[in-house]
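# Fold and contact review
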Amino acid sequence: VQLQASGGGLVQAGGSLRLTCAASGRTFSGYDMGWFRQAPGKERGYIGTIRWSGGNTYYGNSEKGRFTISRNNAKTTVYLQMNNLKPEDTAVYYCATGPRRIVSDYGRLSGWQFWGQGTLVTVSS
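## Observations concerning the nonpolar core
Ranked by size, the top nonpolar core spans 26 residues in total, and within it Met33, Trp35, Leu80, Met82 and Tyr93 carry the most contacts. Among the elements that line this core, the one with the most residues is strand S3 (residues 17–24), at four residues. Discounting residues that sit within four places of it in the chain, Leu80 has contacts with Leu17, Arg18, Leu19, Trp35, Ile47, Phe67, Thr68, Ile69 and Tyr93. Phe36, Tyr46, Ala96 and Tyr106 belong to the second-largest nonpolar core, a separate cluster that totals five residues.

Structure representation (structure tokens):
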């Protein structure tokens, strides 16, 4: 399995970015795709999840309303749309995938089987 995250860059506060995670190497039916981020000096934190089958989305508490996760119909690419970005959103953003599990377990990093390499988002004030 390979996950390729892209779309990061430098953006001004209040702007938007869409990150992309391209997945390959297996059929992802029954898998989930998650987004995480890690700011300098901080632990990797959970953003949200989309289920490959069905497309249901689930979000952590802090980004709900500003961040939206979606996928393409071919179920090979997942997106993270980020709006009204703030300097505190500056981080490396990661996508991850693994077999489906319960929603309350999504924030546990060790539960995700495969990780992308990360893409850096920098938000200037």
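## Overview of the sheet that holds S3
The four strands lie next to each other as S1-S3-S8-S7, forming an open sheet whose pairing is antiparallel. On the outer flanks of this sheet lie strand S1 (2–6) and strand S7 (67–71), each paired with one strand and no other. Each strand of the sheet is rotated relative to its neighbour by a mean of 15 degrees, with strand direction disregarded. Judged from the five bridges that link them, S1 and S3 form a sheet pairing that is antiparallel. If you follow Ser6 over to S3, its bridge partner there is Thr20.

Criteria and thresholds
Residues numbered from 1 in each chain as written. Predicted model: local features only at pLDDT ≥ 70, side-chain atom pairs only at ≥ 80, totals over all residues. Heavy atoms only, no water. Core = buried A, V, L, I, M, F, W, Y, C linked by side-chain atoms within 4.5 Å. Buried < 20%, exposed > 50% of the residue type's maximum accessible area, 1.4 Å probe, protein only. Helix = DSSP H or I, 4+ residues; strand = E, 2+ residues; numbered from the N terminus. Contact = heavy atoms within 4.5 Å. Pairing = 2+ DSSP bridges. Axes fitted to C-alpha atoms, helices over the stretch in contact; angles between N-to-C directions.

Structural measurements only, silent on function.
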